2 protein chains.
Amino acid sequence: MELLKERIRKEGKVVGSDGILKVDGFLNHQMDTALLRAIGEEVRARFEGVQVDRIVTIESSGIGIACFVAQACGDIPMVFAKKTRTRNISGDIYIGQVESFTQDRRPYNIFVSRDFIRPGEKVLIVDDFLAHGSAMSALIDIVQQAGAEVAGVAVVIEKTFQKGREIVRGKGVRVESLARISSMSEEDGVTFI
Amino acid sequence: MELLKERIRKEGKVVGSDGILKVDGFLNHQMDTALLRAIGEEVRARFEGVQVDRIVTIESSGIGIACFVAQACGDIPMVFAKKTRTRNISGDIYIGQVESFTQDRRPYNIFVSRDFIRPGEKVLIVDDFLAHGSAMSALIDIVQQAGAEVAGVAVVIEKTFQKGREIVRGKGVRVESLARISSMSEEDGVTFI
């Protein structure tokens, strides 16, 4: 998606030697809804002809993207996994475990109410980044716990030098990434495939 | 907003004696983007003729609402305050303190990058609930720290039996609520003003 790559080239910042790409000017802190709407349309086009009944994502960075994908798909239901188990989602829930690679944190759990993924649904999972694939694995696990089917995974930015795609493909799930980064550094910036 | 009140009457659930209204079927866990789009249009209409340069909200429940308000306002920039200080927002930040009334938690800080609220901007603050007004107070404080001006506050659901509106009005800020609840209980459900 050329429009997206241009924004990443222009505004993205590579920070540190361990692969942080800051896109907080348009994707995951400040948000550009015109770009998000275009992202939603692009995801819908990539999955043209595929039945999708529901969008699933994870808070917080996935929410805006998932909203616009759901809108592009004709306002199908969207649900986001929560990282804390608030009283709002007390009751019957699905739990997924996410391995964490940032700031040496421990694995954490994510939660989705059982009311909001139904057996047999075709689910498209959406997120901002695909890197190690740990959040994505937990989301796929939750969808499968629900007896629903993962119609595919759509991410805005993929770090192809990490193993996320391999992990998701290993589960037999289709992956679509709107911008695929083959390498990045503070000095040279971002290179796309 | 009658459409919204109908959804709250039909799907909202009052839980416990201390005033939890669950609207997780359409607003803050599962999300109905058709309703959110209508909410965005309604907020824009309420602030017709008022200059708004930017939408500010707080993760996670505010993000979807703010996205659709930003879209309705012609894709103006939107930024959400974060509850954790990740590396994505390292650098210069505004910090607001939120008093917490839920689950006996301590006050917590919220963070917005200084890059994403500019001096002189007219800011519309958006959130799902207005109850005690604590998150809203912290957001107003952050906007004012930035030298920007609060054009108004728009919330989807107001609990008028708590002091949120009074606190916000006390700061000289206009409040628009799309559904105003005067009382609620597990037995009798929700009553609107």
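Residues numbered from 1 in each chain as written. Chains lettered and ligands numbered in written order. Predicted model: local features only at pLDDT ≥ 70, side-chain atom pairs only at ≥ 80, totals over all residues. Heavy atoms only, no water.

Draft legend 1. Region of interest: the environment of E121(B). Residues and elements named next belong to chain B. By secondary structure assignment, the location of E121 is in the loop between strand 7 (108-113) and strand 8 (122-130). Given a relative accessible area of 12%, E121 falls into the buried group. Considered as a pair, E121 and A146 are 25 residues apart in the sequence and their alpha carbons are 9.0 Å apart. The residues contacting E121, other than those within four sequence positions of it, are D53, R54, A148 and E149. Engagement of the side chain of E121 in a polar contact is seen with the backbone nitrogen of R118, the distance being 3.0 Å. (Helix = DSSP H or I, 4+ residues; strand = E, 2+ residues; numbered from the N terminus. Buried < 20%, exposed > 50% of the residue type's maximum accessible area, 1.4 Å probe, protein only. Contact = heavy atoms within 4.5 Å. Polar contact = N/O pair within 3.5 Å; in protein donor to acceptor, adjacent residues only side chain to side chain.)

Draft legend 2. Examining the interface of chain A and chain B more closely. Between chain A and chain B, the contact holds 41 residues from the first and 40 residues from the second. Taken together, the links from chain A to chain B amount to 2 salt bridges. In this structure, D75(A) and R37(B) form a salt bridge, with 2.6 Å as the shortest nitrogen-oxygen distance. Run the count over chain A and chain B and you get 20 residue pairs in polar contact (both at pLDDT 80 or more). The set of elements that each furnish at least two residues to the side of chain A that touches chain B consists of strand 2 (20-22), strand 3 (30-31), helix 2 (33-46), helix 3 (61-72), strand 5 (78-81) and strand 7 (108-113) of chain A. The dominant element in the side of chain A that touches chain B, judged by the number of residues it contributes, is helix 3 of chain A, at 6 residues. Residues belonging to the side of chain A that touches chain B are distributed by class as follows: 18 nonpolar, 13 polar and 10 charged. (Salt bridge = Lys/Arg side-chain N within 4 Å of Asp/Glu carboxyl O. Nonpolar A, V, L, I, M, F, W, Y, C, P; charged D, E, K, R; others polar.)

Draft legend 3. Region of interest: the confidence of the model for chain A. Residues with a pLDDT of 70 or more make up 96% of chain A, whose mean pLDDT is 95. Predicted complex metrics record ipTM = 0.96 and pTM = 0.97. (pLDDT = per-residue confidence, 0-100.)

Draft legend 4. Spotlight on helix 2 of chain A. All names here are of chain A. Here helix 2 spans 20 Å end to end across 14 residues, near enough to the 20 Å set by a 1.5 Å rise per residue. Taken together, the buried positions of helix 2 are occupied by T33, L35, L36, I39, G40 and V43. Along the axis of helix 2, the buried residues cluster in a sector spanning 150°; they form a single face. The opening residue of helix 2 is D32, an N-cap whose side-chain oxygen sits 3.0 Å from the backbone nitrogen of A34. (Expected span 1.5 Å × (residues − 1). Arc of directions from axis to C-beta.)

Draft legend 5. Seen up close, the packing of helix 2 of chain A against helix 3 (residues 61-72) of chain B. One way to put it is that helix 2 of chain A packs onto helix 3 of chain B with a least axis distance of 9 Å and a crossing angle of 105°. With respect to each other, helix 2 of chain A and helix 3 of chain B are oriented roughly perpendicular. Contacts between helix 2 of chain A and helix 3 of chain B involve T33(A), L36(A) and R37(A) on the former and, on the latter, C67(B), A70(B) and Q71(B). Among the residues making up the contact of helix 2 of chain A with helix 3 of chain B, the classes are represented as 3 nonpolar, 2 polar and 1 charged. (Axes fitted to C-alpha atoms, helices over the stretch in contact; angles between N-to-C directions. Parallel < 35°, antiparallel > 145°, perpendicular 65-115°, else oblique.)

Draft legend 6. The arrangement of the relation of the copies chain A and chain B in detail. Of the two same-sequence chains, chain A is brought onto chain B (RMSD 0.0 Å, axial shift 0.0 Å) by a rotation of 180°. The transformation just described matches what one would write down for a two-fold rotation axis. (Least-squares fit on C-alpha atoms with pLDDT ≥ 70 in both.)

Draft legend 7. Highlighting the sheet that holds strand 4 (residues 54-58) of chain B. With respect to topology, 7 strands assemble into an open sheet ordered 3(A)-5(B)-4(B)-8(B)-9(B)-10(B)-11(B), the strand pairing being mixed. Both edges of this open sheet fall to strand 3 of chain A together with strand 11 (189-192) of chain B, since each of them pairs with a single strand only. In the sheet, strand 8 of chain B pairs with strand 9 (residues 149-159) of chain B via 8 bridges, with the strands oriented parallel. Bridged to L124(B) within strand 9 of chain B is G152(B). Relative to strand 10 (residues 175-185) of chain B, helix 1 (residues 2-11) of chain B is tilted by about 25°, and along the sheet it contacts strand 9, strand 10 and strand 11 of chain B. (Pairing = 2+ DSSP bridges.)

Draft legend 8. Layout of the environment of S182(B). Residue and element names in this part refer to chain B. Assignment of secondary structure puts S182 in strand 10. S182 sits 60 residues away from K122 along the chain, and the two C-alpha atoms are 30 Å apart. Residues within four places of S182 in sequence aside, it is in contact with T160, F161, T191, F192 and I193.

Draft legend 9. The arrangement of the sheet that holds strand 3 (residues 30-31) of chain B in detail. An order of 11(A)-10(A)-9(A)-8(A)-4(A)-5(A)-3(B) is seen for the 7 strands of this open sheet, with the pairing classed as mixed. Each edge of the open sheet is held by one strand with a lone partner, namely strand 11 (189-192) of chain A together with strand 3 of chain B. For strand 9 (residues 149-159) of chain A and strand 10 (residues 175-185) of chain A, the ladder comprises 6 bridges, and the chain directions are parallel. Looking at strand 10 of chain A, one finds that V155(A) is bridged to S177(A).

Draft legend 10. Layout of the pattern of salt bridges. Residues and elements named next belong to chain A. For the structure on display, the rule yields 28 salt bridges over all chains. Of the charged contacts in the structure, one is a salt bridge between D24 and K22, with a shortest N-O distance of 3.7 Å. Given a relative accessible area of 10%, D24 falls into the buried group. With relative accessibility at 15%, the residue K22 sits in the buried group. Counted as one network, the salt bridges with shared partners bring together E42, R46, R174 and E176.

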